[in-house]
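Fold and contact review
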Amino acid sequence: MESSLETAVTGCSVEKEWRENLQKQAVTNREEIARLRAEVTHVTEMKSALKQLQRENDDLRRSCSEQETALVELGDHLSKSKVKAEELRYNVDMTKENKWVSDKETVACQQCNKNFSVSRRRHHCRNCGGIFCHQCSDNTMPLPSSSRPLRVCDGCSELLLQRSVAMTT
């Protein structure tokens, strides 16, 4: 009998150890589950924050692209405005420098120096105001002062053509 009692006591103590180990394991598992749930919650929050940041990033990229396009347009507009301003300055300078020469003051063409006569008539250059013969002023060019092309001398014609080419490039 004693031996069966000893066996029963030993069996109970082994069972008690297992139970204690299982309870410790259950506590450890519950703590691990709680930690993992907290980590899942954190990862879910981070995922949500990442999606929000990606949307904000897309919005900022779109905005940046639109602003770059606007800057390019403004740059083009500025370039065109500078060209127009330069054109206006040039026109103002030309009108300041150019003086309409009186027919009475000139007896010969200002370019070829041939004397005017009944057959060699005087022609005013509408750009510089000088007096030239027909051969030295047989060009017509559009001028800011008129809607139609006007007579200009050979010198002004070259100058206006160079300016026109420079403005288009």
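Residues numbered from 1 in each chain as written. Predicted model: local features only at pLDDT ≥ 70, side-chain atom pairs only at ≥ 80, totals over all residues. Heavy atoms only, no water.

Attention now goes to the overall build of the protein chain. Scanning the protein chain for helices and strands turns up two helices and four strands. Along its sequence from the N terminus, the protein chain presents helices and strands in the succession α-β-β-β-β-α. In terms of overall size, the protein chain is more extended than a compact globule, its C-alpha atoms giving a radius of gyration of 49 Å where 169 residues would be expected to give roughly 15 Å. Per-residue burial over the protein chain gives 18% buried out of 169 residues. (Helix = DSSP H or I, 4+ residues; strand = E, 2+ residues; numbered from the N terminus. Rg over C-alpha atoms; globule rule 2.2 N^0.38 Å. Buried < 20%, exposed > 50% of the residue type's maximum accessible area, 1.4 Å probe, protein only.)

Its location among the elements puts His123 in strand 1 (residues 123-124). The class of His123 is buried, set by a relative accessible area of 17%. If sequence neighbours within four positions are ignored, His123 has contacts with Gly130, Ile131, Phe132, Cys133, His134, Ser137 and Arg151. (Contact = heavy atoms within 4.5 Å.)

Bringing the pattern of salt bridges into the picture now. The final tally for this structure, using the stated rule, is three salt bridges. Ionic pairing is found between Arg35 and Glu32, a salt bridge with its closest N-O pair at 2.5 Å. You can see Arg35 and its partner Glu32 sitting in helix 1 (residues 2-97), three residues apart, about one turn around the helix. According to the relative accessible area criterion, Glu32 is partly exposed, its value standing at 35%. (Salt bridge = Lys/Arg side-chain N within 4 Å of Asp/Glu carboxyl O.)

Glancing now at the nonpolar core. Counting 17 residues, the largest nonpolar core has Cys125, Phe132 and Val152 as the members making the most contacts within it. Dropping the residues within four chain positions of it, Cys125 is found in contact with Trp100, Gly130, Phe132, Arg151, Val152, Cys153 and Cys156. (Core = buried A, V, L, I, M, F, W, Y, C linked by side-chain atoms within 4.5 Å.)

Summed over the entire model, instances satisfying the criterion amount to zero disulfides. Cysteine Cys112 is unpaired, with the sulfur of Cys109 as its nearest cysteine sulfur at 3.7 Å. Accessibility expressed as a relative area gives 29% for Cys112, which makes it partly exposed. (Disulfide = S-S within 2.5 Å.)

Take the environment of Pro142 next. By the secondary structure assignment, Pro142 is in the loop between strand 3 (139-141) and strand 4 (150-152). Separated by 97 residues in the primary sequence, Pro142 and Glu45 have C-alpha atoms spaced 71 Å apart.

What follows concerns the confidence of the model for the protein chain. Interpretation of this model should avoid reading the predicted coordinates in detail wherever pLDDT is low. Looking at the protein chain, the pLDDT average stands at 89 and 93% of residues meet or exceed 70. Looking over the protein chain, one finds the lowest element-wise mean pLDDT in helix 2 (residues 154-168), namely 83, and the highest in strand 2 (residues 131-132), namely 96. (pLDDT = per-residue confidence, 0-100.)

On to the environment of Ser65. With respect to the element layout, Ser65 can be found in helix 1. Considering only alpha carbons, one finds Ser65 and Leu88, 23 residues apart in sequence, at a separation of 34 Å.

This paragraph deals with the environment of Lys82. With respect to the helices, strands and loops of the structure, Lys82 is situated in helix 1. For Lys82, a relative accessible area of 55% translates into the label exposed. Residues Lys82 and Thr41, spaced 41 residues apart in sequence, show a C-alpha to C-alpha distance of 60 Å.

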